[in-house]
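These are the residues of each chain, in order.
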Amino acid sequence: MFLMKRGLYIHIPFCVKKCGYCDFLSFPEKEVPPLYTKTLLREMEGRKGGGRVDTIYLGGGTPSLLSPHQVEGIMATALKTFGFTGGEVTMEINPATVNLERLRAFKGAGINRVIVGIQSFNRRLLSILGRVHTPEEGVEAFRLARKAGFENIGIDLIHSIPTEDMEELREDLGRAVSLGPEHISVYSLTLEEGTPLKRAVETGKLPSPSEDMERDMFYLTRDLLTGAGYDHYEVSNFAIPGFRSRHNQIYWKGEEYIGLGLGAHSYEKKGWGRRMMNSERPQEYICLVERKGEAIVEDEELSKEKAMEETILLRLRMKEGIDLKEFRRRFGIDLRETRQQALRDLEGLGMVSVEGNAIKVTEKGLVLLDEIVVKLI
Ligand code: SF4
C-alpha cells in the first residue's frame, strides 16, 4: 500500500563537466562549494513549516560531488527540521565521482538508495553523450555501491542516442540486468535546444534516430526488462517487486514535495494545488535565503482544469492508471461520463482500457501517451 505523503528534494547543481545533451541547471565544479550547502541548511530551517517528510532525494547535477561531511550536515538538519526519522533516502551518483570509501561514508551518513548514472556501457555512445566516465567506471561504481552495503541500487540508462542500433541497446540492457540492480530507469534521449548534441544533429554531424527506431527501442527495453523480472511500473521505470521509487511516486501520484536548492520546485496540495519554484540564479538564490529563509520566485495556484490535466498526465504514465473513484472524489467528475466519446475512441483504437475503476494505457498506447493525454483532457 502507498502511504507516503511528502518528499524532500534537494538539488545539487554542480557537475564535473557538462554533458553534451544536458540542459539541466548545473555548473562545472569539482566539489560542492561550502557556501551552497550552508545556504541549503539555512533554507531547510526557513522551510520547516512544510511538515514532516517521508523520503529524501538528493538529485542534480551531481550530488555525489558532496563530501560525506556535507551529506551528514544535510541529514542532521533534515531530521531536526522535517522530522525525518527514516525512510527512503536516495542519492544520484556519477560513476566518475565515487570510490569505496566515499560510498561507505555516504551510507554511514544515512543514504540508503543510490542511482548510478551509467547511461550506457558502450564507449562510443558515452563519448557521443559527453559523459565524463568510461563503461568500466560505470560497472565499478555499481559493484562498489554493493560492496559498500547498498541493498537498493538503481541504474539509469539512455536509449535512442545518435548512431545507436538495436543490438547496442540490447547489449546495454543485458549488461544492466547482469549487474542485478533493484531499479532500472531507461529514458529516450531528448535533443534539447541549445545543447552541443542537438547542434551536432542539426548540422548533420550526427544522425537523428527515427521515430520508428525510438519506438522499437522502447518496446525492446520493455520486453527485455519485464522478461528479466522487472515490473514496468511507470513509462520509463522498472523495478524488482518491492523496489519502486517511493520518492518519484510522490510526484506521479500528486503528493506533496518540498524542493530545496537552486531552481528546485515544490508542490503543496492547497486548493487545487500550488506549485512553487526557487530562483535559478545563484546570487539571487543565496541572497533570498539569507534574507528570508527561502528563495521562491514563482508561486502558481493551479486551476481545477490544470490540476485535472496534470493528474491525467501523471497517472497515465503509471501502470495502475487513473483511479476513477479517487478522481471523482477529488474533482467531482466521472471521467467515464465526461470523456465517454474520447474513451470509446481510444478503446476502439486499442490505446487505453477501462478496467474496473481504472483507465490504463495499453501496451500499444504507451508510445503514444502524449496523443492519448490530449484526447482525454
Ligand atoms: S551529469 Fe547529469 S546534470 Fe550533470 S551535466 Fe551530465 S546530464 Fe547534466
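Residues numbered from 1 in each chain as written. Predicted model: local features only at pLDDT ≥ 70, side-chain atom pairs only at ≥ 80, totals over all residues.

**Brief notes about the overall build of the protein chain**
Note the threshold: Helix and strand labels come from DSSP, where a helix needs a run of H or I of at least four residues and a strand needs a run of E of at least two; each type is numbered from the N terminus. Our radius of gyration is a C-alpha quantity, and the globule rule it is checked against amounts to 2.2 Å times the number of residues to the power 0.38. Working definition of burial: number of other C-beta atoms within 10 Å of the residue's own, with buried at 20 or more, exposed at 12 or fewer, and partly exposed in between, all C-beta atoms being placed from the backbone. C-beta atoms are placed from the backbone for every residue, and two residues are taken to be in contact when these atoms lie within 7 Å.
When helices and strands are counted, the protein chain shows 15 helices and 17 strands. Radius of gyration (C-alpha) of the protein chain: 21 Å, near the 21 Å computed for a compact globule of 377 residues. Counting only C-alpha atoms, the protein chain reaches 55 × 50 × 40 Å along its principal axes. Residue burial in the protein chain is summarised as follows: out of 377 residues, 38% are buried. In the protein chain, the share of contacts with a sequence separation of at least 24, taken over all contacts with a separation of at least 6, comes to 70%.

**Considering unusual backbone geometry**
Following Gly60, the chain continues to Gly61 via a peptide bond in cis, the omega torsion being 20°. Residue position: Gly61 is located in the loop between strand E4 (55–60) and helix H2 (68–82). With a phi close to 65°, Ser160 is a non-glycine residue in the positive phi region. With respect to the helices, strands and loops of the structure, Ser160 is situated in the loop between strand E7 (153–159) and helix H6 (166–179). For Thr163, which is not a glycine, the phi torsion comes out positive at approximately 80°.

**Some words on the site of the ligand**
Our working rule: Near, as applied to residues and a molecule or strand, means the residue's backbone-placed C-beta atom lies within 6 Å of it. Asp, Glu, Lys and Arg are counted as charged, while Ala, Val, Leu, Ile, Met, Phe, Trp, Tyr, Cys and Pro are counted as nonpolar; the rest, among them Gly, fall into the polar class.
As a structural note, the neighbourhood of the ligand is formed by Cys15, Lys18, Cys19, Cys22, Phe24, Ser26, Gly60, Gly61, Thr62 and Asn94. Residues belonging to the shell around the ligand are distributed by class as follows: four nonpolar, five polar and one charged.

**A word on the domain arrangement of the protein chain**
To keep it simple, the criterion reads: For every domain, the bounds stem from an assignment made automatically or drawn from a database.
Split into domains, the protein chain comes out as domain 1 (6–250) and domain 2 (317–376). Taking only C-alpha atoms into account, the centre of domain 1 sits 30 Å from that of domain 2. Contact with domain 1, which involves six residues of that partner, is made by six residues of domain 2. Among the secondary structure elements, those contributing two or more residues to the side of domain 1 that touches domain 2 are helix H8 (211–227) and strand E9 (231–234). Counting residues per element, the side of domain 1 that touches domain 2 draws most heavily on E9, at three residues. Residue classes in the side of domain 1 that touches domain 2 are distributed as three nonpolar, one polar and two charged.

**Points about the packing of H6 against H8**
The line we're drawing: Lines fitted to C-alpha atoms define the axes here, with helix axes fitted over just the stretch in contact, and angles between the N-to-C directions of these axes take values from 0 to 180 degrees. For classification purposes, an angle smaller than 35 degrees is called roughly parallel, one larger than 145 roughly antiparallel, one from 65 to 115 roughly perpendicular, and anything else oblique. Crossings are sorted by hand: turned counterclockwise from the far helix by less than a right angle, the near helix makes the crossing left-handed, and turned clockwise it makes it right-handed.
Put simply, H6 and H8 touch, their axes get as near as 10 Å, and they point 30° apart. On the basis of the axis angle, H6 is roughly parallel to H8. Helix-helix and strand crossings are classified by hand; for H6 and H8 the assignment is right-handed. Counted together, Met166, Leu169, Arg170 and Leu173 of H6 and Asp216, Met217, Leu220, Thr221, Leu224 and Leu225 of H8 form the full contact between these two elements. For the contact of H6 with H8, the class distribution of residues is seven nonpolar, one polar and two charged.

**Describing the pairing of strand E14 (residues 296–301)**
To keep it simple, the criterion reads: Pairing between two strands is assigned when DSSP locates at least 2 bridges connecting them.
Burial of E14 is sparse: only zero of the six residues sit out of reach of the surface. Relative to E14, strand E13 (residues 274–278) runs antiparallel, the two being bridged by five bridges. Along E14, the bridge assignment pairs Asn278 with Ile296.

**With respect to the sheet that holds strand E16 (residues 352–355)**
Across a sheet, paired strands are connected by hydrogen bonds in the backbone, their directions being either parallel or antiparallel. The antiparallel open sheet is built from three strands, whose spatial order is E15-E17-E16. Pairing within the sheet leaves two strands with one partner each, and these edge strands are strand E15 (322–323) and E16. Where E16 meets strand E17 (residues 358–361), four bridges bridge the pair, whose relative direction is antiparallel. What sits directly across from Val354, in E17, is Ile359.

**A few points about the nonpolar core**
The test is simple: Here, a nonpolar core denotes buried Ala, Val, Leu, Ile, Met, Phe, Trp, Tyr and Cys residues that are linked to one another through C-beta atoms within 7 Å.
Among the nonpolar cores identified, the biggest contains 73 residues, and Leu8, Ile10, Val114, Val116, Ala145 and Ile184 are the most heavily contacted of them. Beyond its immediate stretch of four places on either side in the chain, Ile184 contacts Gly154, Ile155, Leu157, Ala176, Leu225, Tyr230 and Phe238. Counting 13 residues, the second largest nonpolar core, distinct from the first, contains Ile322, Met351, Val361 and Leu376.

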